[in-house]
Amino acid sequence: MLLLAACSPAPSQPDTHEDKLVLGVEQADRFLPLLAGKRVGLVVNQTSMHQQQHLVDYLLSQQVRVQRIFAPEHGFRGDHDAGAHVAAGIDTATGVEIYSIYGSSRKPSEAAMSDLDVVLFDIQDVGARFYTYISSMHYMMEAASERGIPFIVLDRPNPNGEFVDGPLLDEKFRSFVGMHRIPLLHGMTVAELAQMILGEGWLDTSSPLELHLVPMLNYQRTMRYELPVRPSPNLPNHQSIRAYASLCFFEATPVSEGRGTDFPFQVIGHPTLYVSDSEPPFSFTPRSIPGAASHPKFKDQRVYGQDLRQTPVEGLQLSYLIQWHQVFAEAGEPFFTAADFMDKLAGTDRLRLAIEQGLSEDEIKASWQADLTEFKQNRAPYLLYP
């Protein structure tokens, strides 16, 4: 499949002592000329801020013709539960049409693309393969290529950018929470991923795509970056974003990962079986939080377990999952009660089977090192930053 990539190279670093991080969205001189006189489709959400102003409002103030907003999981304003249907409609603040790409279809119809001249993507990702914004980017790239519409990506940091870990996706377990043969923690920004998706021929189309990137200035993937806006309702802070890749697997178990609390993805608990780091054990009570966790596990029940709010969680840590599986196994209780979902999150059944077989974290991680080495070699041509 022959694909055309017209990518904007990263500009040379300015000859100045100034080393402040400059986001793609903060370089209007690089993307506004690409939008002038065009009918623009935007893939944006609540994280798409241009300084203190939403990108939609900023573009309208610059007389850009915003034709349509494509809303991913959690909605345009980021106020939908995980997995909740995102409805189409009109943005009351601007009057711009909102088209859901997290509803009955994940890929926009031909009609939704037919009156566009260009599509711009600007959404903050968190660097985990199963976080669905990169899947939405994939389908929007595919739709743009089929219509011959240029696709622009404004780059943002990966808050887990220094980590490359986890199993590579097995094609048999491909789903919306894992579409690409990349590790669970891939260490790439959305612009780098867009290049790789295109360059590796992962789009299901024979049409070329004109891809434009607006890279960041002064970015290194090892730098600490705390997101100014929560990327989704249940990732409220830096700690939750760092722990997310390790704790999301609990979604496929009877154990609470803190949804329905003020500290989701920072605590782990169960009413009767638990791993505790303290005496008496840490406890919390999930409650209904509309827009974040309307029906959490163990709603209004006290559960017991671990408080990780002050515990550094670096990269992919399997120890928590292994500990809790062991407690359930010793009690003769099923742990991976949603095994199919677990395998989709992992991108393979090998992780679940290894835990059930009693392998250690070191043994499990050793099993995917060869794949990670190959991935790092494959991704190298697409990297924009040190």
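Residues numbered from 1 in each chain as written. Predicted model: local features only at pLDDT ≥ 70, side-chain atom pairs only at ≥ 80, totals over all residues. Heavy atoms only, no water.

K.L.:
Give me the lowdown on the overall build of the protein chain, citing residues and values where you can.
P.N.:
When its secondary structure is counted, the protein chain shows 11 helices and 14 strands. Relative to the globule expectation of 21 Å for 386 residues, the C-alpha radius of gyration of the protein chain, 21 Å, shows essentially globular dimensions. A total of 386 residues make up the protein chain; the buried ones form 57% of that total. Pairs at least 24 residues apart make up 75% of the contacts formed inside the protein chain by residues separated by at least 6 positions. Counting every atom, the protein chain has about 15800 Å² of accessible surface; 48% of that belongs to carbon and sulfur. Once the 31 positive and 47 negative side-chain charges of the protein chain are each reduced to a mean point, those two points are 3 Å apart. (Helix = DSSP H or I, 4+ residues; strand = E, 2+ residues; numbered from the N terminus. Rg over C-alpha atoms; globule rule 2.2 N^0.38 Å. Buried < 20%, exposed > 50% of the residue type's maximum accessible area, 1.4 Å probe, protein only. Contact = heavy atoms within 4.5 Å. Areas by Shrake-Rupley, 256 points an atom, 1.4 Å probe, with all protein chains shown as cover. Lys, Arg positive; Asp, Glu negative; His and termini not counted. Charge placed at Lys NZ, Arg CZ, Asp CG, Glu CD.)

K.L.:
An account of the packing of helix H4 (residues 133–147) against helix H5 (residues 190–199) is needed here, citing residue identities and associated values.
P.N.:
Two elements in contact, H4 and H5, have axes whose closest approach is 11 Å; the angle formed by their N-to-C orientations is 50°. Taken together, H4 and H5 sit at an angle that is classed as oblique. Here H4 and H5 pass one another in a crossing that is right-handed. Contacts from Ile134, Met137, His138 and Met141 of H4 reach H5 at Val190, Leu193, Ala194, Ile197 and Leu198. Residues of the contact of H4 with H5, tallied by class, amount to eight nonpolar, one polar and no charged. (Axes fitted to C-alpha atoms, helices over the stretch in contact; angles between N-to-C directions. Parallel < 35°, antiparallel > 145°, perpendicular 65-115°, else oblique. Left-handed = near helix turned anticlockwise from the far one by under 90°. Nonpolar A, V, L, I, M, F, W, Y, C, P; charged D, E, K, R; others polar.)

K.L.:
Which residues make up the packing of aromatic side chains, and what are the values?
P.N.:
Counting across every chain of the model gives 16 aromatic pairs. Considering the side-chain rings of tyrosine 131 and tyrosine 133, the 4.9 Å spacing of their centres and the 70° angle between planes classify their relative orientation as edge-to-face. Residue tyrosine 131 is classed as buried on the basis of its relative accessible area, which comes to 4%. The exposure class of tyrosine 133 is buried, given its relative accessible area of 2%. Centre to centre, the rings of phenylalanine 250 and tryptophan 324 are 6.3 Å apart; their planes meet at 85°, and the pair counts as edge-to-face. Note that phenylalanine 250 is positioned in the loop between helix H6 (238–247) and strand S12 (267–270) and tryptophan 324 in helix H7 (residues 319–330), a separation of 74 residues in sequence. The two residues phenylalanine 250 and tryptophan 324 agree in class, both being buried. Over the ring of phenylalanine 176 we find arginine 106, and its NZ or CZ is 4.3 Å from the ring centre. Note that arginine 309 overlies the ring of phenylalanine 263, its terminal NZ or CZ placed 4.2 Å from the centroid. (Phe/Tyr/Trp six-rings, centres within 6.5 Å; stacked < 30°, edge-to-face > 60°. Lys NZ or Arg CZ within 6 Å of the ring centre and 35° of its normal.)

K.L.:
Before we move on, could you go through the sheet that holds strand S6 (residues 97–100) and cite the residues and values that matter?
P.N.:
The strand order across the open sheet built from seven strands is S5-S6-S4-S1-S7-S8-S11, with neighbouring strands paired in mixed fashion. Edge positions in the sheet fall to strand S5 (89–90) and strand S11 (211–214), since each of these pairs with one other strand and no more. Taken together, the five bridges between strand S1 (residues 39–44) and strand S4 (residues 65–71) define a ladder with parallel strand orientation. From the neighbouring strand, glycine 41 faces S4, where its bridge partner is arginine 68. Of the strands in this sheet, S1, S4, strand S7 (118–122) and strand S8 (151–154) are in contact with H4, which crosses S8 at around 155°. (Pairing = 2+ DSSP bridges.)

K.L.:
Give me the confidence of the model for the protein chain: which residues, what numbers.
P.N.:
On average, residues of the protein chain carry a pLDDT of 93, and 92% of them reach 70 or more. Note on residues 1–6: pLDDT is under 50 here. Beyond four places in sequence and across chains, it has 23 contacts. Every residue in residues 11–17 scores below 50 in pLDDT, and together they form five contacts with partners more than four places removed in sequence or on other chains. (pLDDT = per-residue confidence, 0-100.)

K.L.:
Account for H7, naming residues and giving values.
P.N.:
For an α-helix the count is 3.6 residues per turn, leaving residues at separations of three or four pointing the same way. Helix length check: H7, at 12 residues, gives a terminal C-alpha distance of 17 Å against a target of 16 Å (1.5 Å per residue), a fit within 8%. Along H7, the positions that sit buried rather than exposed are Tyr320, Leu321, Ile322, Trp324, His325 and Phe328. Residues of H7 that are buried in the fold lie against H6, S12, strand S14 (303–307), helix H8 (339–346), helix H9 (350–356) and helix H10 (361–366). Phi for glycine 332, located one or two positions after H7, is positive at around 70°. (Expected span 1.5 Å × (residues − 1).)

K.L.:
How would you explain the sheet that holds S14 if you had to name every residue and give the values?
P.N.:
Taken in spatial order, the three strands line up as S12-S14-S13 in an open sheet, and their pairing is antiparallel. One side of each edge strand has no neighbouring strand; the edge strands of this open sheet are S12 and strand S13 (282–284). The mean angle between the axes of side-by-side strands here comes to 45°, regardless of whether they run parallel or antiparallel. The pairing of S12 with S14 spans four bridges and is antiparallel.

K.L.:
Any chance you could break down H8 for me, citing the residues and the numbers?
P.N.:
Taken residue by residue, H8 has Met342, Asp343, Leu345 and Ala346 as its buried positions. One face of H8 carries all of its buried residues, which in axial projection span an arc of 160°. Contacts from the buried residues of H8 go to strand S9 (165–168), strand S10 (183–185), H7 and H9. A positive phi of about 75° marks glycine 347, the residue just after H8. (Arc of directions from axis to C-beta.)

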